[in-house]
Amino acid sequence: MKLKIKDVEFKNPVLTASGTFGYGNELEDIIPVNELGGIVTKGISLKPRMGNPPPRLAETPCGLLNSIGLENIGLEKFVKEKWPEIKKIGPEIVVNIFGEKIEEYVEIAKTLEKEGIRCIELNLSCPNVEKGGLEFGRSERVVRNLVEKVRENFNGVIFVKLSPNFTDIVKISKAAEKGGADVLTLINTIMGMSIDAENMSFKIPRKVAGLSGPAIRPIALYIVYRVYQEVDIPIAGVGGINDIKSALEFHLAGSTLIQIGTALFIDPWIPFKIIKGIEEFLNKKNMEFKSIIGYLNKKRG
Ligand SMILES: Cc1cc2nc3c(=O)[nH]c(=O)nc-3n(C[C@H](O)[C@H](O)[C@H](O)COP(=O)(O)O)c2cc1C
């Protein structure tokens, strides 16, 4: 099930999703992390961030709301302290990055390129301070421009991560592809809210939070299916994958890679069960991994 994207080889298609697996080495002694296809790190910004006040999580039917506020140690500390550790653990590391200005994404990408990092993921669900706080990922023009600028400064694999909040994600995906993205990560969390009626208060002080888990799976799956029909670059599907069947659904819809997020909080062994399960499925059907990608999506003939 090896996959090559540009010069980077992924052992298998199963990655952990950003923000749900720390920086990558925290669980090294508990699970065989080097058997993963890859690890997407927690989002890194230019400067460290404290994140939002607690509570930051609220459970909902079939899902999880989070408002972590992109807490992280910042670029400098990541490069000095985390990268030397995580680059040794085995699987491909995809460093998830975000900023408040295009120049911040560019600066981070430049530094990571110098450090020999081969894969980055641009989280575009972040407020663009120069556009009044509107998320980067909501404007085709901004997305194309941002990806082009990062592309000029980073030679490795660029994943562009998008969410469908108040936007046409198909058009935005095409803009990212035109800008030079190598992979589209679909999808980030979907905006949601939860209220404690008894106490007449919001469950999360920030009120608005990101919904993840099986509750968003049908939406993510449809987005993967639609975007696959319109772009030629690979898709990393993410959203509510928690078992072998749901992983296969994403591949059949058009995902080349998949990422597992919220499900890791319930069982960190899920990615390994999925890797084994996909192999068993392929043996049973006597099929190659590549032939199941987009099997139910006939755009490519
Ligand atoms: C607690 C938590 C923190 C997250 N932090 C990030 C982050 O820093 N950057 C990012 O791009 N996505 C982040 N995400 C989004 C996930 O990577 C993923 O796109 C989303 O949760 C949907 O997948 P899932 O349903 O498998 O969790 C976070 C999700 C959760 C639940």
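Residues numbered from 1 in each chain as written. Predicted model: local features only at pLDDT ≥ 70, side-chain atom pairs only at ≥ 80, totals over all residues. Heavy atoms only, no water.

Looking at the sheet that holds strand β3 (residues 14-16)
To keep it simple, the criterion reads: Strands were regarded as paired on the criterion that DSSP finds at least two bridges between them. Secondary structure counts use DSSP, requiring at least four H or I residues in a row for a helix and at least two E residues in a row for a strand, with both numbered from the N terminus. Where helices are involved, their axes are fitted lines through C-alpha atoms of the stretch in contact, as for all axes, and angles between N-to-C directions lie from 0 to 180°. We call two residues contacting when some pair of their heavy atoms lies within 4.5 Å.
The 8 strands are arranged β3-β4-β7-β8-β11-β12-β17-β18 in a closed barrel whose pairing can be described as parallel. In this sheet, neighbouring strand axes are inclined to one another by 25° on average, regardless of whether the strands run parallel or antiparallel. Against the sheet, helix α3 (residues 140-153) makes contact with β8 (119-123) and β11 (157-162), and its axis sits at roughly 155° relative to β8, the strand it touches most. Against the sheet, helix α5 (residues 217-230) engages β12 (183-186) and β17 (235-238), with an angle of about 165° to β17.

Remarks on the packing of helix α1 (residues 75-86) against helix α2 (residues 102-114)
Selection rule: For classification purposes, angles smaller than 35 degrees are called roughly parallel, those larger than 145 roughly antiparallel, those between 65 and 115 roughly perpendicular, and all remaining angles oblique. For a crossing to be left-handed, the near helix must be turned anticlockwise from the far one by less than a right angle; the clockwise case is right-handed. Note on residue categories: nonpolar means Ala, Val, Leu, Ile, Met, Phe, Trp, Tyr, Cys or Pro, charged means Asp, Glu, Lys or Arg, and polar means any other residue, Gly included.
Interaxial distance between α1 and α2 falls to 11 Å at its minimum, and their mutual angle equals 15°. Considering their axes alone, α1 and α2 lie roughly parallel with respect to each other. Remark: the crossing between α1 and α2 carries right-handed chirality. Counted together, L75, F78 and V79 of α1 and I108, T111 and L112 of α2 form the full contact between these two elements. Tallied by class, the residues present in the contact of α1 with α2 amount to 5 nonpolar, 1 polar and no charged.

Details of the site of the ligand
Heads up, the condition is: It suffices for a single heavy atom of a residue to lie within 4 Å of a molecule or strand for the residue to be listed as near it. The term polar contact refers here to a pair of N or O atoms within 3.5 Å; inside protein, the definition further demands a hydrogen-donor-capable atom paired with an acceptor-capable atom, and it admits residues adjacent in sequence only when both atoms are side-chain atoms. Here the open area of atoms and residues is found with the Shrake-Rupley method and a 1.4 Å probe, where only the protein chains shown may cover a residue.
In the region of the ligand, 22 residues are neighbours, and S18, K161, G213, G240 and T262 sit closest. K161 is positioned such that a nitrogen or oxygen atom in its side chain is 2.7 Å from an oxygen atom of the ligand. Separating an oxygen atom of the ligand from a backbone N or O atom of I187 is a distance of 3.1 Å. Coverage of the ligand by the protein amounts to 95% of the 610 Å² it exposes when considered alone. Within the shell around the ligand, the residues separate by chemical class into 6 nonpolar, 15 polar and 1 charged.

Some remarks on the side chain of T41
Heads up, the rule is: Note on classification: 1.4 Å probe, protein chains only; a residue is buried when its accessible area is under 20% of the maximum for its type, exposed when over 50%, partly exposed between these limits.
Residue placement: T41 occurs in the loop between β4 (38-40) and β5 (57-60). Judged by relative accessible area, T41 falls into the buried class, the value being 0%. Only 3.1 Å separates the side chain of T41 from the backbone nitrogen of N96, close enough to count as a polar contact. Setting aside residues no more than four positions away along its own chain, T41 makes contact with S18, G19, G22, Y23, F78, I86, I93, V94, V95 and N96.

Re the pattern of salt bridges
Two side chains with opposite charge may pair up if their charged atoms get near one another. Threshold: Put simply, a salt bridge is a Lys or Arg side-chain nitrogen that is within 4 Å of an Asp or Glu carboxyl oxygen.
This structure, assessed with the given rule, holds 14 salt bridges. With a closest N to O distance of 4.0 Å, R138 and E135 form a salt bridge. Linking R226 and E230 is a salt bridge whose minimum nitrogen-to-oxygen distance equals 3.2 Å. Highlighted residues: R226 and E230, both in helix α5, separated by 4 residues, approximately one helical turn. Under the relative-accessibility criterion, E230 is labelled partly exposed at 31%. Put simply, K6, R151 and D182 are held in one network by salt bridges that share partners.

A look at unusual backbone geometry
The linkage connecting P54 with the following residue, P55, adopts the cis geometry, with an omega of -10°. Its place among the elements puts P55 in the loop between β4 and β5. Backbone torsion omega between L186 and I187 reads 15°, so that peptide bond is classified as cis. The backbone of K6 sits at a positive phi, close to 55°, despite the residue not being glycine. Checked against the element boundaries, K6 lands in the loop between β1 (3-5) and β2 (8-10). Of note, the phi angle at K207 is positive, near 70°, even though the residue is not glycine. If you trace the backbone, K207 turns up in the loop between β15 (201-202) and β16 (209-212).

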